[in-house]
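Residue-level structural notes
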Amino acid sequence: MTAAALEGRSPTQLALRRFGKNRRAMISFWLLIAVGLSTLLVPLVSPHGYTIQKLENRKQPPSGTYWMGTDFNGRDLMVRSFMGGRISFAVGLLATSVSLLIGVAYGACAGFLGGKTDALMMRFVDVLYGLPHMFLVIIVMTILGRNFLVVFMVLGCFSWMTMSRIVRGQVLSLKEKEFVEAARGLGVTTPAIISRHMLPNILGPVIVYATLTVPSVMLQEAFLSFLGLGISEPQTSWGLLISDGAGALNPLRIFWWLVVFPGSLLAITLFCLNSVGDGLRDAFDVQQK
Amino acid sequence: MGPFLLKRLAGGLLTLLVIATLCFFIIRFAPGNPFSSERNLPPEVKRNLEREFNMDKPLWVQYQLRMKGYLSGDLGPSIKYYPKRVNELLLPSFGTSLQLGALGFGFAILLGVPIGILSAARQNRIPDYISSSLALVGICIPNFLLGPILVMVFSLSLRWLPVAGWPESFGGEELLKLLLPAITLGAVHVAYISRLTRAGMLDVLHKDFIRTARAKGLDERTVFLKHALKNGITPVLSYAGPMAAYIFTGSVVVEKIFNLPGMGQHFVDAALARDDAMVMGAVLIYSCLVIAFNVVVDVGYSWLDPRVRLT
């Protein structure tokens, strides 16, 4: 017997190995990293500033100087698209973190406390599910003002419900497992049981669902910005850029680049995030409720 | 059936109450008020305005007055379009939004279900690949991107279809105006519905009763459309409830792109102008639609699968 053959593999390692074999997910993963890095790098290396208006260069189609053309104020669309990407990514990641924090804490509490508290807490989640949440988001957005901080906080606060359900289900079943009983028998304290024994076990589903939350939040941000209720000028995001492009549609001259470039970046990103999320779900074999 | 409908009616009213209360207090506890944006309003004018809209009364009294209004079917006065009432502003546009929603919904079902059946019948062959690539497109091209692209291609470049607007009469050329909005609104859901139908059908096609149906010599058409479809389509129905919410949210965007006179534009304008009665009216009407739709879906569910009891 050789030692190498017996080397143990954790379920996470096995899942990551399965993920690595999924071609669509891997390609999406690297493409996503490429788009993400470009949003960081392009504005740094570009010769054009993203708020610099050159009125003599308005509405120019893509050319050698302006690879993605210019907008109605003579600003370089390429820099603006990637700067907008920064905001879209930031909103997606930050809002997901907010929803992750609330969802995991809420779900873990409900699952761990159990009984009447659990029933009450989950009933509340059911009520929240029944509300037309996009309309409530719009109302809250118009009241709190349209800026970056408000956008991701509000979106995060309205998208933690599914996460809390998943975590609660996991905690409920883990609570009864022998290793938790054993830990308790050994005198391990409750916080230590939650952090050392339960959290590592629910990490898989949590990561999977968080990955799928990112595109849905980015989509909501783009939706809000499109309606003029999300990110506001001079900042920009993909939704806002598409909105500008859609507003410029007219029968005389077609400014296709205003819609096509930011639109493709958004579409590619959404596609990749969804593929990676699906790949992770298959790899971790998560049952979604 | 009777007790079920009563129960759902009560549940729906409760949800509406929660929504109305939530909206009311969110709007009222927020800093500023609808008149703070208007510059240099003389204090007397401001006081009169506040009296007109009951804003000088204690919050609790305002809340009661608003709820009493709702019970009698009055959505209150609009602040932005004073002296018009919310009812007369929203009702005409309600029809537009409802028709638009129904169109998007019909488009999604009428296209999605056949594609799903076809790809289940021809699993891993060309129709199947077409439908799965459609589903991918649906996931990554949201309606606010699809709409402008369709307008650019079909209205502005090819000039096949009108750019925007709501048909003045329902016949002939005018109806073409509805085509792009319906596609924009329904496309995402075509993708989901075809995948759900496919999965549901494949699930059912392995069942014993299908084998029995084939064994007794029924042709494939009857097996698929009569025996399998009724069972295979239930996942689509459970998606139809949430889909109603998405469709009505989406119609806000579609109304903006195609310049349609629906409730969505009113809602966004009202939210920006802090016209609280208008905002609440629109939210409540949208919620009513979604709730009503979910009841219809549940009834449909029990019709398709009699084992499901309506409780």
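Residues numbered from 1 in each chain as written. Chains lettered and ligands numbered in written order. Predicted model: local features only at pLDDT ≥ 70, side-chain atom pairs only at ≥ 80, totals over all residues.

Counting its secondary structure elements, chain A contains eleven helices and zero strands. Secondary structure of chain A in N-to-C order comes out as α-α-α-α-α-α-α-α-α-α-α. Taken over 289 residues, chain A has a buried fraction of 42%. Sequence separation of at least 24 residues holds for 71% of the intrachain contacts in chain A that already meet a minimum separation of 6. (Helix = DSSP H or I, 4+ residues; strand = E, 2+ residues; numbered from the N terminus. Buried ≥ 20, exposed ≤ 12 C-beta atoms within 10 Å, placed from the backbone. Contact = placed C-beta atoms within 7 Å.)

Counting its secondary structure elements, chain B contains twelve helices and zero strands. Walking chain B from its N terminus toward its C terminus, one meets helices and strands in the order α-α-α-α-α-α-α-α-α-α-α-α. Here chain B holds 311 residues, and the buried ones make up 38% of them. Long-range contacts, defined as pairs at least 24 residues apart, comprise 73% of the intrachain contacts of chain B with a sequence gap of at least 6.

Of all hydrophobic cores here, the largest spans 150 residues; its most connected members are B:A244, B:V279, B:A282 and B:V283. Counting residues per element, this core draws most heavily on helix α11 (residues 256-284) of chain A, at 15 residues. (Core = buried A, V, L, I, M, F, W, Y, C linked by C-beta atoms within 7 Å.)

With that settled, consider the confidence of the model for chain B. Of the residues in chain B, 92% reach a pLDDT of 70 or more, and the chain-wide mean stands at 82. When pLDDT is averaged over each element of chain B, helix α8 (residues 208-215) of chain B comes out on top at 89 and helix α2 (residues 43-52) of chain B at the bottom at 75. (pLDDT = per-residue confidence, 0-100.)

Right, let's get into the interface of chain B and chain A. The interface is formed by 35 residues belonging to chain B together with 31 residues belonging to chain A. Of all the elements in the fold, those that place two or more residues in the side of chain B that touches chain A are α1 (2-29), α5 (126-140), α6 (143-157), α10 (234-257), α11 (263-272) and α12 (276-304) of chain B. The biggest single contributor to the side of chain B that touches chain A is α6(B), with eight residues. Broken down by class, the residue content of the side of chain B that touches chain A amounts to 30 nonpolar, four polar and one charged. (Nonpolar A, V, L, I, M, F, W, Y, C, P; charged D, E, K, R; others polar.)

Moving on, we get to unusual backbone geometry. Residue and element names in this part refer to chain B. Within the chain, N259 stands out as a residue other than glycine whose phi angle is a positive 55 degrees. By the element assignment, N259 lies in the loop between α10 and α11. The class for N259 is exposed, based on 12 C-beta atoms found within 10 Å.

Let us now look at the environment of B:G186. Take B:G186: it is sitting in helix α7 (residues 179-205). If near-sequence neighbours (up to four positions away) are discounted, B:G186 is found in contact with B:G104, B:F105, B:F107 and B:A108.

Here we come to the environment of A:R18. Along the chain, the position of A:R18 falls in helix α1 (residues 11-21). On the neighbour-count criterion, A:R18 (16 C-beta atoms within 10 Å) is partly exposed.

Residue and element names in this part refer to chain A. Here helix α2 (residues 23-45) crosses α11 at 135 degrees, and the two axes come no closer than 8 Å. Comparing their axes, α11 and α2 come out oblique. At the point where α2 passes α11, the crossing takes the left-handed sense. For the pair α2 and α11, contact is made by R24, A25, S28, F29, L31, L32 and V35 and by L265, I268, T269, F271, C272, L273, S275, V276 and G279, respectively. Tallied by class, residues from the contact of α2 with α11 come to eleven nonpolar, four polar and one charged. (Axes fitted to C-alpha atoms, helices over the stretch in contact; angles between N-to-C directions. Parallel < 35°, antiparallel > 145°, perpendicular 65-115°, else oblique. Left-handed = near helix turned anticlockwise from the far one by under 90°.)

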